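# Chain and residue survey
Spelled out, the chains give:
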Amino acid sequence: MDATSQRDVVIIGGGIAGVGTAYYLAAMGVRSTVIERDGVASHASGFAYGGLSGGVPNGPQPNSPLIDYSMALYPALADALAEESGVDVQYRPRTLLRLALAADEVAALTANLAWQQARPGYAVELLDGAQARALEPRIAPETVAALHIEGASDVEPYRLTVALAEAAERRGASVRTGEVTAIHMRAGRVEGVSVESAAGNERVPCDTVVAAMGPWSAAAGDWLGVPLPARPLKGQIIRLRAPGPPYAVSVGHGGNYAATKPSDGLVWCGTTEEDAGFDETRAPEARDAIAEAVLRMLPALADAEVALQTACLRPVTPDGAAILGPVPGAEGVYAATGGGRQGIMMGPGMAKALACLIANGAPELDIERYDPGRFAR
Ligand SMILES: Cc1cc2nc3c(=O)[nH]c(=O)nc-3n(C[C@H](O)[C@H](O)[C@H](O)COP(=O)(O)OP(=O)(O)OC[C@H]3O[C@@H](n4cnc5c(N)ncnc54)[C@H](O)[C@@H]3O)c2cc1C
């Protein structure tokens, strides 16, 4: 498809999945309009930690092909965005240190070691406590072993999402405020969406729609009568102002982690997993739970003070795999959601694969396993 394409593409949602799709579509000569209810990067894509672990700490999973595809896009994307938007997305290599704080935790830590060590592009090594302390002397003295992972990286998600939107707009995409309340079909094909905004209600005609509504994506399924079972999983982060040098290595234990982010110089510590519906409020209980978990691995943080607490919602799916591709029975409608705890890592990959499908009729990556239609079968 060339730049003169008259396709009318509406993308619902200004998170990484939505503005990323607009960015890659624009690079392929297809203009689109992103319609965002609250503001670009105003939900999870603006408040995530931004760890790009390559999925290595977790072991094999359904999203592994998408993660690999997306991780490979990051270096060139970060450079391109700096040039095209003027924003440094702070994409940096980041060593990971995953701790076992007791002998009975070592088996779980090493369960996927052979798979991890075979991952191209990563170096994974099992360290004893003394070797781990040589890398970061402030880890808990009871550390008995640690996985040392090289090849991972991180990024600042708010900057990344805003940069994608800015670069997409410079290439001809539009971003506007409004809440999409319906997708209209005619003879099985999409013909428009309804939008509510301060200017009133209007019907925006289009021939292609991308539902990239994060944990709210199930609503698009309701409008179409198709199950798109993304749901919210709340997560909170505390950012600490800590004495001493930055934590350059990302230290983790169980589902928790801590590292200093260059964007604000604070130690970002996460996280919770809470089934709390669409509640995005910050709670003192979550702050205390994260602090307790982080102090177990980094006792030196006892002298730190909480500078900021954030809460946001991950879009998760029943089978843990992303939802990416055409929505069955609704020609011209696509879904891009279900990034879960890895939606920043997979965001560029989800966006580019979908943009290729829309613009060229085929993605570069086989996305069959992420088929939105699997829930209807
Ligand atoms: C605490 C925490 C830490 C995380 N850390 C990491 C990490 O380290 N690494 C990683 O890879 N991932 C991480 N994630 C996950 C990541 O943030 C998400 O998977 C990702 O941001 C989801 O992006 P999205 O675009 O799908 O959804 P969102 O960012 O939620 O964007 C969806 C957008 O759609 C809009 N919208 C919804 N409905 C409508 C409508 N009807 N009309 C108009 N607009 C609408 C919303 O307002 C929202 O802005 C973390 C998440 C949390 C909560």
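Residues numbered from 1 in each chain as written. Predicted model: local features only at pLDDT ≥ 70, side-chain atom pairs only at ≥ 80, totals over all residues.

## Some thoughts on unusual backbone geometry
Which entries qualify depends on this criterion: Counting from the N terminus, the helices are DSSP H or I runs at least four residues long and the strands are E runs at least two residues long. Counting other C-beta atoms within 10 Å of each residue's C-beta, where C-beta atoms are placed from the backbone, gives the exposure class: buried for 20 or more, exposed for 12 or fewer, partly exposed between.
With omega at 0°, the peptide bond leading from Gly270 into Thr271 counts as cis. Relative to the elements of secondary structure, Thr271 occurs in the loop between β17 (267–270) and α9 (284–297). We note that Gln90 has phi near 55°; this positive angle belongs to a residue other than glycine. For Gln90, the location among the structural elements is in the loop between α3 (64–85) and β4 (92–93). On the basis of neighbour count, Gln90 is assigned to the partly exposed category, with 16 C-beta atoms found within 10 Å. Of note, Ala187 is a non-glycine position whose phi angle comes to about 50°, a positive value. Note that Ala187 resides in the loop between β10 (179–186) and β11 (189–197). Residue Ala187 is classed as exposed on the basis of its 6 C-beta neighbours within 10 Å.

## Thoughts on the sheet that holds strand β2 (residues 32–36)
Backbone hydrogen bonds hold the strands of a sheet together, and the pairing may be parallel or antiparallel. Applied cut-off: DSSP-based pairing: two strands are paired if at least 2 bridges between them are found. Each axis is a line fitted through C-alpha atoms, and for a helix only the stretch in contact is used; angles between axes span 0 to 180 degrees, taken between their N-to-C directions.
Across the sheet, which stays open at both edges, the six strands sit in the order β9-β2-β1-β13-β20-β19 with mixed pairing between neighbours. If you trace the sheet from one side to the other, it starts and ends with β9 (174–177) and β19 (323–326), each paired once. In this sheet, adjacent strand axes meet at a mean angle of 20° when their direction is disregarded. Two strands pair when backbone bridges link them, and strand β1 (residues 9–12) and strand β13 (residues 208–211) are joined in this way by four bridges, in the parallel orientation. Residue pairing across strands places Val9 opposite Thr208, the latter belonging to β13.

## A closer look at the domain arrangement of the protein chain
As a reminder of what qualifies: For every domain, the bounds stem from an assignment made automatically or drawn from a database. Once C-beta atoms have been placed from the backbone, residue pairs whose C-beta atoms lie within 7 Å are recorded as contacts. Residues are sorted three ways: Asp, Glu, Lys and Arg are charged, Ala, Val, Leu, Ile, Met, Phe, Trp, Tyr, Cys and Pro are nonpolar, and all the rest, Gly among them, are polar.
The domains assigned to the protein chain are domain 1 (9–86 + 157–230 + 319–375), domain 2 (95–151) and domain 3 (231–316). The C-alpha-based centres of domain 1 and domain 3 are spaced at 27 Å. Across the boundary between the two partners, domain 1 contributes 19 residues, which contact 15 residues of domain 3. Looking at side-chain class alone, the side of domain 1 that touches domain 3 contains eight nonpolar, nine polar and two charged residues.

## Some words on the pairing of β19
Here four bridges tie β19 to strand β20 (residues 333–337), and the two strands are oriented antiparallel to one another. Residue Leu324 lies in a different strand from β20, and its bridge partner there is Ala336. Connecting β19 to the antiparallel partner β20 that follows it, the hairpin turn spans six residues, and Gly329 within it adopts a positive phi of roughly 75°.

## A look at helix α10 (residues 343–360)
The criterion, for reference: Multiplying 1.5 Å by the residue count of a helix minus one yields the expected span of that helix.
The end-to-end C-alpha separation of α10 is 24 Å, in line with the 26 Å expected for 18 residues at 1.5 Å each. Across the 18 residues that make up α10, a large majority, 15, are buried. Gly361 occupies a position one or two residues after α10 and carries a positive phi of about 85°.

## Notes on the site of the ligand
Defined as follows: Throughout this description, a residue near a molecule or strand is one whose C-beta atom, derived from the backbone, lies within 6 Å of it.
Looking at the ligand, there are 40 residues lining it, with Gly13, Gly15, Gly214, Gly235 and Gly343 nearest. Listed by contribution, the elements that provide at least two residues to the shell around the ligand are α1 (16–27), β2, α2 (44–47), β10, β14 (231–241), β18 (305–316) and α10. Grouping the amino acids of the shell around the ligand by side-chain chemistry returns 16 nonpolar, 18 polar and six charged. Looking at which domains feed residues into the shell around the ligand, each of domain 1 (9–86 + 157–230 + 319–375) and domain 3 (231–316) supplies at least three.

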